[in-house]
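# Summary of the model geometry
What follows is each chain in one-letter form.
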Amino acid sequence: MFDIHNHLLPGVDDGVKNFDESIKFLETFKKNGITTVFFTPHLNHPSVKTNVAKIKENYEKIKIHCEEFGIKSFLGSEIYLTPDVKEFIPIKDYFLLVELPTDIYPVYLLDKLFDLQLEGYEIILAHVERYKWLEGNGLLVDRLKHMNVYFQVNLEALNGSNYFLKRDLVDFIATDFHGEKRSSIDFSLFRKYNDIIEKGKSILKL
Ligand SMILES: [Fe+2]
């Protein structure tokens, strides 16, 4: 199983603070069947400032520990989409995990996503359940799906009333783990929604 969205890379954003903590959590992930981890620290976030060079430096260090645990790791990023965003670290060279404002529809959304697609990127929208302007907006959901935009839902939002789950619109499930300050992870959900995991594997060619 794999986790495509988390803040386990230590000391770079509002996620896990140091290497010791990160190593401890990675062990827990491995024990619970997660064998592939995509580290996705924030980039271009309005309130969490991050640095690409520092992210790459810390990834090179944590990667060695991942190898010791038998965890396959990749570096990516969670990009807060703004009209002028330029800096990102794609997952597997061409997948962009994209975060959006939660309360207000970003008017530049479709244009910007289309531009990124023209540049050769595939888009994964992070935690789609958080965007109040998207849930229930069938026309916009259809439009995004026709553009081949993938939807990721966080584990804690996986329940029978989830708008996206009910409509079979979920391509990825992920922890979005930020360390102990947020709720603990129910790893059993990865097994429960194994069909979504399989879908994600085929998209990412894992
Ligand atoms: Fe995140």
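See the structure printed just above.
About the criteria used
- Residues numbered from 1 in each chain as written.
- Predicted model: local features only at pLDDT ≥ 70, side-chain atom pairs only at ≥ 80, totals over all residues.
- Heavy atoms only, no water.
- Helix = DSSP H or I, 4+ residues; strand = E, 2+ residues; numbered from the N terminus.
- Rg over C-alpha atoms; globule rule 2.2 N^0.38 Å.
- Buried < 20%, exposed > 50% of the residue type's maximum accessible area, 1.4 Å probe, protein only.
- Contact = heavy atoms within 4.5 Å.
- Donors = N, O, S within 2.8 Å, 3.2 Å for Na, K, Ca; no water.
- Tetrahedral: all angles 85-135°; square planar, octahedral: opposite > 155°, others 65-115°.
- Core = buried A, V, L, I, M, F, W, Y, C linked by side-chain atoms within 4.5 Å.
- Pairing = 2+ DSSP bridges.
- Axes fitted to C-alpha atoms, helices over the stretch in contact; angles between N-to-C directions.
- Arc of directions from axis to C-beta.

### Focus: the overall build of the chain
A count of helical and extended segments in the chain gives seven helices and nine strands. Radius of gyration (C-alpha) of the chain: 16 Å, near the 17 Å computed for a compact globule of 206 residues. Relative to its 206 residues, the chain shows a buried fraction of 56%. Across the chain, contacts joining residues at least 24 apart in sequence account for 71% of those joining residues at least 6 apart.

### Regarding the coordination of the iron ion
Of the protein atoms, only H5 (NE2), H7 (NE2), E78 (OE) and D176 (OD) coordinate the iron ion, at distances of 2.1 to 2.3 Å. Viewed at the metal, the four donor atoms of the iron ion are separated by angles of 82 to 170 degrees, and the geometry they form is irregular. Mapped onto the polypeptide sequence, the residues donating to the iron ion form the spacing pattern H-x1-H-x70-E-x97-D. Of this pair, H7 sits in the loop between β1 (2-3) and α1 (19-31) while E78 is found in strand β5 (residues 78-80), placing the two residues 71 residues apart along the sequence.

### What about the nonpolar core?
Formed by 78 residues in total, the largest nonpolar core has its most connected members in F39, L144 and F164. No other element matches the six residues that helix α2 (residues 52-69) contributes to this core. In contact with F39, not counting residues within four places along its chain, are N6, L8, L9, L26, Y59, I62, C66, S73, F74, L75, G76 and S77.

### Details of the sheet that holds strand β2 (residues 36-39)
Overall, parallel pairing links the three strands, which are arranged β1-β2-β4 in an open sheet. The strands lining the two open edges of the sheet, one partner per strand, are β1 and β4 (72-75). Examined bridge by bridge, β2 and β4 share four bridges and lie parallel to one another. Paired with V37 across the two strands is S73, which belongs to β4. Contacting β2 and β4, α2 runs over the sheet at an angle of about 175 degrees to β4.

### Here we look at helix α7 (residues 194-204)
Among the residues making up α7, those that are buried are I196, I197, G200, I203 and L204. Buried residues along α7 cover an arc of 120 degrees about the axis, so they all sit on one side. For α7, the exposed residues set more than 90 degrees away from the buried face come down to D195 and S202. Immediately downstream of α7, the backbone of K205 shows phi near 55 degrees, a positive value.

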